[in-house]
Amino acid sequence: MEQLMEMLKSNYPGIDFENEKQLMTNGVLDSMAVVAIIADIESLFDVSVTMEYIQPMYFESVETMWEMIEELQ
C-alpha cells in the first residue's frame, strides 16, 4: 500500500490521502481524476481495472483502492 500512497501523494499533492476517507462523496476526486488514477494503478501494479471496479466505492480512500488492487492481482 506504500507504493500506492507514494504515487497518489506525488500526483495529487494537494489531497490528504492519509486522512480523507470520502474522496468521492466529498467531491475531492472527480471523474477525470479517477480515470487518471486508474491508469496509474494499472501501470504501477500491472493490473487491469475492469468495469465492475469503476465505481465510486472503490475510490473513497487509499484503503478501498488498495482492496481493489489486491482483488485484481
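Right above here is the structure, for reference.
The model shown is predicted, which means the values in this text are computed figures rather than measured ones. (Residues numbered from 1 in each chain as written. Predicted model: local features only at pLDDT ≥ 70, side-chain atom pairs only at ≥ 80, totals over all residues. Heavy atoms only, no water.)

Some words on unusual backbone geometry
Residues other than glycine seldom take positive phi values, yet Asp 46 does so here, at roughly 50°. In this fold, Asp 46 is placed in the loop between α2 (31–45) and α3 (62–72). Since its relative accessible area comes to 73%, Asp 46 is described here as exposed. (Helix = DSSP H or I, 4+ residues; strand = E, 2+ residues; numbered from the N terminus. Buried < 20%, exposed > 50% of the residue type's maximum accessible area, 1.4 Å probe, protein only.)

Notes on the packing of aromatic side chains
One pass over the structure, following the stated rule, counts 3 aromatic pairs. With a centroid separation of 6.4 Å and an interplanar angle of 70°, the aromatic rings of Tyr 12 and Phe 17 are classed as edge-to-face. Residue Phe 17 is classed as buried on the basis of its relative accessible area of 1%. (Phe/Tyr/Trp six-rings, centres within 6.5 Å; stacked < 30°, edge-to-face > 60°.)

A short note on the environment of Val 28
You can see Val 28 is positioned in the loop between α1 (2–11) and α2. Classification of Val 28 as partly exposed rests on a relative accessible area of 34%. Distance in space between the C-alpha atoms of Val 28 and Gly 14 is 9.9 Å, their sequence separation being 14 residues.

Topic: a negative patch on the surface
Taken together, the side chains of Glu 52, Glu 67, Glu 70 and Glu 71 define an acidic patch exposed on the protein surface. By the element assignment, Glu 71 lies in helix α3. (Patch = residues over 30% accessible without salt bridge, like charges linked within 9 Å, V, L, I, M, F, W, Y side chains within 5 Å. Areas by Shrake-Rupley, 256 points an atom, 1.4 Å probe, with all protein chains shown as cover. Salt bridge = Lys/Arg side-chain N within 4 Å of Asp/Glu carboxyl O. Lys, Arg positive; Asp, Glu negative; His and termini not counted. Charge placed at Lys NZ, Arg CZ, Asp CG, Glu CD.)

Thoughts on the nonpolar core
In terms of nonpolar packing, the biggest core is built from 25 residues, with Leu 4, Leu 8, Phe 17, Ile 41 and Met 65 touching the most fellow members. Elements represented by at least two residues in this core include exactly α1, α2 and α3. In contact with Met 65, not counting residues within four places along its chain, are Leu 4, Leu 8, Phe 17, Leu 23, Leu 29, Ile 37, Ile 41, Tyr 58 and Phe 59. (Core = buried A, V, L, I, M, F, W, Y, C linked by side-chain atoms within 4.5 Å. Contact = heavy atoms within 4.5 Å.)

Regarding the side chain of Thr 64
Along the chain, Thr 64 falls in helix α3. Setting aside its immediate chain neighbours within four residues, Thr 64 contacts Met 57, Tyr 58 and Phe 59.

Observations regarding the packing of α1 against α2
What describes two packed helices is the angle between their axes and the distance between those same axes. Between α1 and α2, whose axes approach to 11 Å, the crossing angle comes to 140°. Considering their axes alone, α1 and α2 lie oblique with respect to each other. Considering the relative orientation of α1 and α2, their crossing is right-handed. Contacts between α1 and α2 involve Gln 3, Leu 4, Met 7, Leu 8 and Asn 11 on the former and, on the latter, Ile 37, Asp 40, Ile 41, Leu 44 and Phe 45. (Axes fitted to C-alpha atoms, helices over the stretch in contact; angles between N-to-C directions. Parallel < 35°, antiparallel > 145°, perpendicular 65-115°, else oblique. Left-handed = near helix turned anticlockwise from the far one by under 90°.)

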